[in-house]
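So you can see what is in the structure, the chains are spelled out below.
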Amino acid sequence: KKQEVIRQHFLPQKITIIPNPAKSEFSIKFNSKSNSNSQLRIFDLTGKVVKEDRFESFEGENIQNYILENVTRGLYFIEITNGEEKYLGKLVIIE
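Residues numbered from 1 in each chain as written. Predicted model: local features only at pLDDT ≥ 70, side-chain atom pairs only at ≥ 80, totals over all residues. Heavy atoms only, no water.

## Points about the overall build of the chain
Convention followed: Comment: elements are numbered from the N terminus, with helices defined as DSSP H or I runs of at least four residues and strands as E runs of at least two. Each residue gets one of three labels from its accessible area relative to the maximum for its type: buried under 20%, exposed over 50%, partly exposed in between, using a 1.4 Å probe on protein chains only. Every residue pair with non-hydrogen atoms within 4.5 Å of one another is taken to be in contact. A 1.4 Å probe and the Shrake-Rupley method give the accessible areas. Residues count as covered only by the protein chains that appear here.
Of the regular secondary structure elements, the chain holds one helix and eight strands. Start at the N end of the chain and walk to the C end: the helices and strands fall as α-β-β-β-β-β-β-β-β. When burial is assessed residue by residue, the chain has 33% of its 95 residues classed as buried. In the chain, of all internal contacts separated by at least 6 residues, the share reaching a separation of at least 24 is 60%. When the accessible surface of the chain is totalled, it reaches about 6500 Å², and 48% of it is carbon and sulfur.

Take a look at the structure:
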């Protein structure tokens, strides 16, 4: 039983992206289990990192605002790592 709990802890958590689809400005909302330094990475479909950011997240709900400039429209993947937690999401840029 203890191994199952540990394994579940590493499963990616969902993030909310508003608005989605977006033109260039969007917000990311996620719930963190602890205060820690976090890293955000946004990837295009080829796996290339198009934006990177480091920020401090706090226990509970967190909201980060971003502007994604100089990218083509299409699908992007968002990954936030926060200590042992990982959050994943998809973002569609329409202009």
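So that's the structure; there's more coming.
## With respect to the sheet that holds strand β2 (residues 16–18)
Where we set the bar: The rule for pairing is simple: two strands pair if DSSP sees at least two bridges between them. Lines fitted to the C-alpha atoms define the axes, with helices restricted to the stretch that makes contact. Angles between their N-to-C directions range from 0 to 180 degrees.
If you walk across this open sheet you meet the three strands as β2-β3-β6, and the pairing is antiparallel. The sheet is open, and its two edges are formed by β2 and β6 (60–67), each paired on a single side. In this sheet, adjacent strand axes meet at a mean angle of 20 degrees when their direction is disregarded. By the bridge criterion, eight bridges tie strand β3 (residues 25–32) to β6 in an arrangement that is antiparallel. In the strand pairing of β6, E25 is matched with I67.

## Re the pattern of salt bridges
Under the convention used in this document: Here a salt bridge means any side-chain nitrogen of Lys or Arg lying within 4 Å of a carboxyl oxygen belonging to Asp or Glu.
Under the defined criterion, the tally for this structure stands at three salt bridges. In this structure, the salt-bridge partner of R41 is E79, at a minimum N-O distance of 3.0 Å. Note that R41 is positioned in strand β4 (residues 36–43) and E79 in strand β7 (residues 74–82), a separation of 38 residues in sequence. Residue classification places R41 among the partly exposed residues on the basis of a relative accessible area of 26%. A single salt-bridge network, built from bridges that share partners, covers R41, E79 and K86.

## As for the packing of aromatic side chains
How we decide: Pairing of aromatic rings covers Phe, Tyr and Trp, the last counted by its six-membered ring, and requires centre-to-centre distances within 6.5 Å; plane angles under 30 degrees mean stacked, over 60 mean edge-to-face, and any other angle means tilted.
Taken as a whole and assessed by the stated rule, the structure comprises three aromatic pairs. With centroids separated by 4.8 Å and ring planes inclined at 50 degrees, the aromatic side chains of F30 and Y87 adopt a geometry described as tilted. Placement of the pair is F30 in strand β3 and Y87 in strand β8 (residues 85–93), with a sequence separation of 57 residues. Residue F30 shares its accessibility class with Y87, and that shared class is buried. Grouping aromatic residues by their ring pairs yields a cluster made of F30, F55 and Y87.

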